[in-house]
Amino acid sequence: VQLQACGGGLVQTGGFLRLSCTASGRTFSSYAMGWFRQAPGKEREFVAAISRSGGSKYYADSVKGRFTISRDNAKNTVYLQMGSLKPEDTAVYYCASDLGVSGPYYYRAELYTYWGQGTQVTVSS
């Protein structure tokens, strides 16, 4: 599985961005998908995750109510709609996928097998 993330950029505080992550292969719907981010000097942290069907979504407290994760299994794509952006949202955002991750473990980066290359999001104050 290869993941290609895009959609990052420079935006002002309070602005919006939509990240996309497209996967190769024909079994996209078998994979749970997650978004993580890493700011300079900090560890990678969980942002959001979505179940295989899209019926369950999970968010970090820091983005709850501002970010929305969704997926289109027909297009092999997962999205992260980001709103009310803050300077502390500045980071490289990574999408990730795994066949087995589920339940209460979506936030654990070490359980994801496949990772995209990352896309930079910069929020100016």
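Per chain, residues are indexed from 1 in the order of the written sequence. The model is predicted, so local features are restricted to residues of pLDDT at least 70 and side-chain atom pairs to those at 80 or more, both for listing and for counting; the totals for chains, interfaces and linings are taken over all residues. Side-chain calculation: all heavy atoms of the structure are included, whereas hydrogens and water are not.

Asks: Just checking my understanding: could you explain the sheet that holds strand β3 (residues 17-23) for this structure?
Replies: Two modes of strand pairing occur in sheets, parallel and antiparallel, and in both the strands are linked by backbone hydrogen bonds. Taken in spatial order, the four strands line up as β1-β3-β8-β7 in an open sheet, and their pairing is antiparallel. The two strands at the open ends of the sheet, each matched to only one other strand, are β1 (3-6) and β7 (67-72). Between one strand and the next, the sheet's axes are offset by a mean angle of 15°, whatever the strand orientation. Bridging between β1 and β3 involves four bridges; their strand directions are antiparallel. Paired with A5 across the two strands is C21, which belongs to β3. Strand pairing follows a simple DSSP-based rule, namely that at least 2 bridges must link the two strands. We count a stretch as a helix when DSSP gives it H or I for four or more residues in a row; a strand needs E for two or more, and each element gets its number in order from the N terminus. Structural elements are reduced to axes, namely lines fitted to C-alpha atoms, with helices fitted over the stretch in contact, and the angle between N-to-C directions of any two is expressed from 0 to 180 degrees.

Asks: Can you walk me through the pattern of salt bridges in this structure?
Replies: The working definition used for a salt bridge is a side-chain nitrogen of Lys or Arg within 4 Å of a carboxyl oxygen of Asp or Glu. Summed over all chains, the structure comprises five salt bridges. We note a salt bridge from E110 to R108, for which the minimum N-O separation is 2.8 Å. Using a relative accessible area of 30% as the deciding quantity, one classes R108 as partly exposed. In this structure, a network of salt bridges that share partners links the residues R37, E45, R66 and D89. Relative accessibility decides the category of a residue: with a 1.4 Å probe and only protein chains considered, values under 20% of the type maximum give buried, values over 50% give exposed, and everything between is partly exposed.

Asks: In this structure, what is going on with the side chain of S20? I would like to understand it.
Replies: Position of S20 among the secondary structure elements: in strand β3. When sequence neighbours within four positions are dropped, the list of residues in contact with S20 reads Q4, A5, C6, W35, T77, V78 and Y79. Pairs of residues are marked as contacts when any of their non-hydrogen atoms sit within 4.5 Å.

Asks: Just to check I follow, could you spell out the pairing of strand β8 (residues 77-82) for this structure?
Replies: One face of the sheet, then the other: side chains in a regular strand alternate in exactly this way. Counting buried residues along β8, five of its six residues qualify, which places the element largely inside the surrounding structure. In the sheet, β3 pairs with β8 via six bridges, with the strands oriented antiparallel. Paired with S20 across the strands is Y79, a residue of β8. With six bridges joining them, β7 and β8 adopt antiparallel strand pairing. Counted as the bridge partner of F67 is M82 from β8. Following β7, the chain reverses through four residues before pairing antiparallel with β8; N76 in that reversal takes a positive phi of roughly 55°.

Asks: I keep staring at the packing of aromatic side chains and nothing clicks. Help me out?
Replies: How two aromatic rings sit relative to each other is given by the distance of their centres and the angle of their planes. In summary, the pairing rule links any two rings of Phe, Tyr or Trp, Trp by its six-membered ring, whose centres are within 6.5 Å, and it sorts them by plane angle into stacked for under 30 degrees, edge-to-face for over 60 and tilted for everything else. Within the structure shown, the criterion is met by seven aromatic pairs. Summarising the aromatic geometry, the rings of F36 and W115 are spaced 5.1 Å apart at their centres and angled 55° between planes, so their arrangement reads as tilted. Placement of the pair is F36 in strand β4 (residues 32-38) and W115 in strand β10 (residues 114-115), with a sequence separation of 79 residues. In this structure F36 comes out as buried when scored by relative accessible area, which is 1%. Given a relative accessible area of 27%, W115 falls into the partly exposed group. An aromatic cluster is present here, built from F36, F46, Y94, Y112 and W115 joined pairwise through their rings. Whether a charge sits over a ring comes down to the Lys NZ or Arg CZ being within 6 Å of the ring centre and within 35 degrees of the ring normal. The ring of Y94 is capped by R44, whose NZ or CZ atom sits 4.0 Å from the centre of that ring. Directly above the ring of F28 sits R71, whose terminal nitrogen or CZ lies 4.5 Å from the centroid.

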